[in-house]
Amino acid sequence: MTALEKATGDVVFKFEPFVLHVLCQELRDAQLLHSVAIDSGFRNSGITVGRGGKIMMAVRSTHCLEVPLSHKGKLMVSEEYIEFLVHVANRKMEENI
């Protein structure tokens, strides 16, 4: 709260979820891993193929959280709400594990 009170710009509370990048030798390996990731609840997972043929599988969850707290130095939410956000983010972190 002390840091927020001193802020002069915009402050955002942000939690980013687990991401695992896996370099795959074959497209079918990436497709298999993608199916397993989706079936396990990692709904933002995907496959990318680079120009050189490099096949990358990204396992990503949907547990993101991004909330503005202040604007131009003015706090826009209560301390109680910030405590709630911390609780929600901590719960999401537990889900990541």
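Residues numbered from 1 in each chain as written. Predicted model: local features only at pLDDT ≥ 70, side-chain atom pairs only at ≥ 80, totals over all residues. Heavy atoms only, no water.

## With respect to the pattern of salt bridges
Taken as a whole, this structure holds 1 salt bridge when the rule is applied. Glutamate 16 is paired through a salt bridge with lysine 14; the nearest N and O atoms lie 3.0 Å apart. (Salt bridge = Lys/Arg side-chain N within 4 Å of Asp/Glu carboxyl O.)

## Points about the domain arrangement of the protein
Along its sequence, the protein is carved into domain 1 (1-17 + 63-96) and domain 2 (21-61). Placing the centre of domain 1 and that of domain 2 at their C-alpha centroids yields a distance of 31 Å. (Domains from an automatic or database assignment.)

## Digging into unusual backbone geometry
You will see that lysine 72, though not glycine, has its phi angle at about 50 degrees, which is positive. Relative to the assigned elements, lysine 72 resides in the loop between β5 (65-71) and β6 (74-75). Given a relative accessible area of 66%, lysine 72 falls into the exposed group. (Helix = DSSP H or I, 4+ residues; strand = E, 2+ residues; numbered from the N terminus. Buried < 20%, exposed > 50% of the residue type's maximum accessible area, 1.4 Å probe, protein only.)

## Some remarks on helix α3 (residues 79-96)
Think of an α-helix as 3.6 residues a turn; residues three or four steps apart then line up on the same face. Over its 18 residues, α3 extends 26 Å from the first C-alpha to the last, a length consistent with the 26 Å expected when each residue adds 1.5 Å. Within α3, the full set of buried residues consists of Ile82, Leu85, Val88, Ala89, Lys92 and Asn96. Taken end-on, α3 shows its buried residues confined to a sector of 120 degrees, consistent with a single buried face. Exposed and facing more than 90 degrees away from the buried side of α3 are Glu80, Glu83 and Glu94. (Expected span 1.5 Å × (residues − 1). Arc of directions from axis to C-beta.)

## Some details on the sheet that holds strand β2 (residues 19-24)
In space, the 3 strands of this open sheet follow the order β2-β4-β3, with antiparallel pairing throughout. Bordering the open sheet on either side are β2 and β3 (46-49), each of which pairs with just one other strand. Strand-to-strand twist of the sheet, defined as the mean angle between neighbouring strand axes without regard to direction, takes the value 20 degrees. Looking at chain direction, β3 and strand β4 (residues 55-60) are connected through 4 bridges and run antiparallel. Paired with isoleucine 47 across the strands is methionine 57, a residue of β4. (Pairing = 2+ DSSP bridges. Axes fitted to C-alpha atoms, helices over the stretch in contact; angles between N-to-C directions.)

## Considerations on the sheet that holds β5
The 3 strands lie next to each other as β1-β5-β6, forming an open sheet whose pairing is antiparallel. Each having just a single partner strand, β1 (11-15) and β6 make up the two edges of the open sheet. Two elements, β5 and β6, share 2 bridges in a ladder whose sense is antiparallel. Across the sheet, residue serine 70 finds its bridge partner in β6, namely leucine 75. The strands touched by α3 within the sheet are β1, β5 and β6, with β5 carrying the most contacts at an inclination of about 160 degrees. (Contact = heavy atoms within 4.5 Å.)

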